[in-house]
Amino acid sequence: MRNIPQYPWNCEAKRCAICDGKFGLVRYYCWRTALCSKKCALRFKTRQEGDRRWLRQLHAA
Ligand SMILES: [Zn+2]
């Protein structure tokens with residue numbers, strides 16, 4: 001059972017995955033995730049990189 005709320009990749013997200021804000025005229029996509037602004041896209045990328053680093057540490061241990 002998965003209780004983690006997740007945006008379906010094949011559907012259009014209604015809100016930004018980072019700040020949960022509504023989308024304006026422009027949408028930014030990063031890793032198939034819809035984001036409302038460049039700032040959120042940057043935050044998302046930073047988070048992804050952090051996740052990857054964390055995973056690598058987990059594998060190395
Ligand atoms: Zn946002």
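Note that the structure is a prediction, hence the values are computed from the model and not measured.

J.: Talk me through the coordination of the zinc ion; I want residue IDs and the actual numbers.
T.: Taken together, the protein donors to the zinc ion comprise C16 (SG), C19 (SG), C36 (SG) and C40 (SG), at separations of 2.3 to 2.4 Å. Viewed at the metal, the four donor atoms of the zinc ion are separated by angles of 101 to 116°, and the geometry they form is tetrahedral. We note that the donor set of the zinc ion lies within a single chain, spaced as C-x2-C-x16-C-x3-C. Of this pair, C19 sits in the segment before β1 (28–30) while C36 sits in the loop between β2 (33–35) and α1 (38–60); the two residues are 17 residues apart in sequence, bridging distant segments of the chain.

J.: Describe in detail unusual backbone geometry, supporting the description with residues and values.
T.: Most peptide bonds adopt trans geometry, and most residues besides glycine take a negative phi value. The phi dihedral of W31 is positive, around 55°, even though this residue is not glycine. Taking relative accessible area as the criterion, W31 reaches 54% and is therefore assigned exposed. With a phi close to 60°, R32 is a non-glycine residue in the positive phi region. With respect to the element layout, R32 can be found in the loop between β1 and β2. Residue R32 is classed as exposed on the basis of its relative accessible area, which comes to 65%.

Criteria and thresholds
Residues numbered from 1 in each chain as written. Predicted model: local features only at pLDDT ≥ 70, side-chain atom pairs only at ≥ 80, totals over all residues. Heavy atoms only, no water. Donors = N, O, S within 2.8 Å, 3.2 Å for Na, K, Ca; no water. Tetrahedral: all angles 85-135°; square planar, octahedral: opposite > 155°, others 65-115°. Helix = DSSP H or I, 4+ residues; strand = E, 2+ residues; numbered from the N terminus. Buried < 20%, exposed > 50% of the residue type's maximum accessible area, 1.4 Å probe, protein only.

In short, shape yes, function no, at least from these values alone.
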